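Structure at a glance
Chain by chain, the residues run as shown.
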Amino acid sequence: MGIVRFFFLCFIIVFVRGTLQAKRQEPIVYIDMRYTLKADYRDSMAVIDIWDNLHAISALQGIVNRDKPRLYIEYVETHGRSIDAYWWNRYRREGEWLHGRDTLRLQSVEEAVSYFRPLLRGVVAYDSNVASTSNVASSLAGVENLLPLRWDARPASLYQKLTNGKDALEVREWLVNRDGSTLFTGKGQIPGTERVSSGSQKCDPYLWLLERYMKTGRMDGRYAGYYQDQMWRRKPLAAPTNHHTLTNHDFFISRKAFFFDLSPWPDEATDDMSQPMGTDYRTLCEMLQQAHTLRRGSAPCYIGGFPEWADKYTKRAGGKHADVDTEWQFAELISRYMAFKDADAIGYGALANASFWQHFPLQKRYSQPWTSKKKLKQAHYLNNDGTVDTTRNYVIIYVGDYDASSWISQRTPDLWDNPHRGELPMMWCISPVLSERVPHILHKFRVTASPKDYFAAADNGAGYLMPGVAEQNGAPEDIDIWRRHCKKYYKKWGLSVT
């Protein structure tokens, strides 16, 4: 009986401890932001509210999800399907990561800000009339735990709602004058610095960030976001309505990234026609160089985003360079500074909740069952002497390019879940670095793969850059940094082919 009592007591202790731990877990806050997709995008005031709310909720996610998964939003839709609900429901099933977690559903951005008020230091106010200040505000959101809000005098604006009243947030950083007038004029001296203006009202805020935050070591240069600034509000229907990619900011805010929206071309300006030619390009190079210096050879720079070819920097936006040429120009440029992109390109460019999913518990290793000479002989690919049977033709089915977290997130339901997958051998070329933003997706692929699904890395390894450019034009040690970077991911995901 003594042994029975002992084991019964142990059971009670374990049960009570588990119950208490479950109760101690914070509920996951869930907000449905899809109402912003149903707004009238021809109404400029509606577009302003869409921008303000999505910018604020994404930044809030980046701040509160930095150390644990607290806030989840439902936003991205593809072909009539809610992508965020798809992934949420997938991992709410019994035995999965989110099963049994309490959920608190809130109805508005204001409610969410009030709920997470203790985790915020205040606000960074930015300027409606200087588009680039929105990206600088996202940069400060991560470094300083500040909510980015567009200055707006309207009583009904999000800015006024959150900076006035009982639980008002204090504005701690100003990218606009306190009366709402423009701070960065593109003339004289850049405010708050000893640097002479670049002559570009667009670029001066980025140079302010460079002088005040990057050169002083308040940012480490490991992460960056190449996402469209608030100029999106002028042409919100130029591409799919979510192509502002505001919901992509959260992960990079959680990693204290610097944000930019600058042209990779030195010979034109498509959204700041008054700037001295090449000011965008020179500003971008200076930021990338400073980020490279900050990292001191420790790692590549992880850039999320892609050139906004529908709105800027291409022929369709009034420039002189083709869309794909602009893609490659940007890839070549960042490669010189040992930086790679997670290519959230227009089409399927929107991604939400990466700051939440970054905490998904991956397995230590994901191995692959590689073939053998014996199996290749049985399949008649090899002759009995081990040589390739040259009387036959061979086809490899390359499935890609999976070099963007947003694309793999949106296309999994219709491609990977297709009932015909597994009928033919297919080589899924997925950049393993996507496990930083969408680890839950790479995990799903591996644990649900058929015997005919196998995996290689997408070009050009664990991230999209041009290694040859990095080797020829970068610092001598950069290609070794890239090798070490790729090796870590290849080892974890059982990869040996690029």
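Residues numbered from 1 in each chain as written. Predicted model: local features only at pLDDT ≥ 70, side-chain atom pairs only at ≥ 80, totals over all residues. Heavy atoms only, no water.

Check the secondary structure of the chain and you find 16 helices and 15 strands. At 25 Å, the chain has a C-alpha radius of gyration in line with the 23 Å of a compact globule built from 498 residues. Approximately 22,200 Å² of the chain is accessible, and the part contributed by carbon and sulfur atoms is 53%. Separation between the mean location of the 64 positive side-chain charges and that of the 57 negative ones in the chain comes to 8 Å. (Helix = DSSP H or I, 4+ residues; strand = E, 2+ residues; numbered from the N terminus. Rg over C-alpha atoms; globule rule 2.2 N^0.38 Å. Areas by Shrake-Rupley, 256 points an atom, 1.4 Å probe, with all protein chains shown as cover. Lys, Arg positive; Asp, Glu negative; His and termini not counted. Charge placed at Lys NZ, Arg CZ, Asp CG, Glu CD.)

Right, let's talk about the sheet that holds strand β8 (residues 171-174) for a bit. Ordered in space as β7-β6-β8, the 3 strands form an open sheet in which the pairing is parallel. Lying at the two open borders of the sheet, with one neighbouring strand each, are β7 (146-150) and β8. Taking each pair of neighbouring strands and ignoring which way they run, the sheet shows an average axis angle of 30°. As defined by bridge partners, strand β6 (residues 122-126) adjoins β8 across 3 bridges and the pair is classed as parallel. By the bridge assignment, A125 is partnered in β8 with W174. (Pairing = 2+ DSSP bridges. Axes fitted to C-alpha atoms, helices over the stretch in contact; angles between N-to-C directions.)

Below, the discussion takes up unusual backbone geometry. Here the bond from G400 into D401 is cis, since omega is -5°, no more than 30 degrees from zero. For D401, the position within the fold is in strand β13 (residues 398-402). The amide bond that connects D459 to the next residue, N460, takes the cis arrangement and shows omega of 5°. One can find N460 in the loop between β15 (453-456) and α15 (467-473).

Glancing now at the side chain of S335. Note that S335 resides in helix α10 (residues 323-335). Judged by its relative accessible area of 0%, S335 is buried. One polar contact links the side chain of S335 to the main-chain amide nitrogen of M466, over a distance of 2.8 Å. Residues in contact with S335, not counting those within four places in the same chain, are L465, M466, V469 and A470. (Buried < 20%, exposed > 50% of the residue type's maximum accessible area, 1.4 Å probe, protein only. Polar contact = N/O pair within 3.5 Å; in protein donor to acceptor, adjacent residues only side chain to side chain. Contact = heavy atoms within 4.5 Å.)

Along a regular strand, successive side chains alternate from one face of the sheet to the other. Along strand β1 (residues 28-32), 4 of the 5 residues are buried, which leaves the element largely enclosed by surrounding structure. Pairing between β1 and strand β5 (residues 103-106): 4 bridges, direction parallel. When the sheet's bridge partners are listed, I28 is paired in β5 with T103. Strand direction decides the pairing type here: β1 and strand β2 (residues 71-74), joined by 4 bridges, are parallel. Within β2, the residue paired with D32 across the bridge is E74. Crossover β1 to β2 through helix α2 (residues 44-64) is right-handed. (Right-handed = clockwise from strand over helix to strand, strands pointing away.)

On to the packing of helix α5 (residues 133-144) against helix α7 (residues 203-214). Remark: α5 packs on α7, axes separated minimally by 9 Å, with the N-to-C direction vectors making an angle of 25°. The orientation of α5 with respect to α7, classified from their angle, is roughly parallel. The interaxial crossing formed by α5 with α7 has right-handed handedness. The segment α5 lies against α7, with T133, N135, V136, S139, L140, V143 and E144 engaging P205, Y206, W208, L209 and Y213. (Parallel < 35°, antiparallel > 145°, perpendicular 65-115°, else oblique. Left-handed = near helix turned anticlockwise from the far one by under 90°.)

Turning to helix α9 (residues 279-295), a few remarks are in order. In this model, α9 (17 residues) spans 24 Å end to end at C-alpha, consistent with the 24 Å of a helix rising 1.5 Å per residue. In terms of burial, α9 is largely enclosed, as 13 of its 17 residues are buried. Looking one or two residues beyond α9, the residue adopting positive phi is R296, at roughly 50°. (Expected span 1.5 Å × (residues − 1).)

Moving on: a positive patch on the surface. A surface patch of like charges, here positive, comprises K364, R365, K487 and K491. For R365, a relative accessible area of 46% gives the class partly exposed. (Patch = residues over 30% accessible without salt bridge, like charges linked within 9 Å, V, L, I, M, F, W, Y side chains within 5 Å. Salt bridge = Lys/Arg side-chain N within 4 Å of Asp/Glu carboxyl O.)

To continue, consider the sheet that holds β1. The parallel open sheet is built from 3 strands, whose spatial order is β2-β1-β5. Whereas interior strands pair on both sides, the edge strands pair on one side only; in this sheet they are β2 and β5. Strand-to-strand twist across the sheet, computed as the mean angle between neighbouring axes with direction ignored, equals 25°. Strands β1 and β2 of the sheet are contacted by α2, whose axis makes an angle of about 150° with β2. In the packing of helix α3 (residues 83-90) onto the sheet, the strands contacted are β1, β2 and β5, and the crossing angle to β2 comes to about 130°.

Helix length check: α2 (21 residues) gives 30 Å between terminal C-alpha atoms against 30 Å at 1.5 Å per residue, within 8%. For α2, the tally of buried residues reaches 18 of 21 residues, placing the bulk of the element in the interior. Measuring from the backbone nitrogen of M45 back to the side-chain oxygen at the start of α2 gives 3.0 Å, which picks out D43 as the cap.

One pass over the structure, following the stated rule, counts 35 salt bridges. A salt bridge links R172 to E170; the shortest N-O distance between them is 3.5 Å. For E170, a relative accessible area of 48% gives the class partly exposed. Several salt bridges converge on common partners, so that one network encompasses K202, D229, D261, D271, D280 and K312.

This paragraph deals with the packing of aromatic side chains. Within this structure, the stated rule accounts for 39 aromatic pairs. Both rings, one in F184 and one in W208, keep their centres 6.3 Å apart while their planes meet at 75°; by these two values the pair is edge-to-face. Taken as a pair, F184 in the loop between β8 and α7 and W208 in helix α7 lie far apart in primary sequence, 24 residues in all. A network of ring pairs unites the aromatic residues Y30, Y72, W88, Y91, W97, F356, W357 and F360 as a single cluster. (Phe/Tyr/Trp six-rings, centres within 6.5 Å; stacked < 30°, edge-to-face > 60°.)

A word on the nonpolar core. Counting 130 residues, the largest nonpolar core has L60, F258, F260 and I303 as its most contacted members. A per-element tally of this core places α2 first, with 10 residues. Look past the residues within four positions of L60 in its chain and what remains in contact with it is L71, A112, V113, F116, L120 and L147. The next biggest cluster of nonpolar side chains, apart from the first, holds 6 residues, and it includes F306, A343, A345 and Y464. (Core = buried A, V, L, I, M, F, W, Y, C linked by side-chain atoms within 4.5 Å.)

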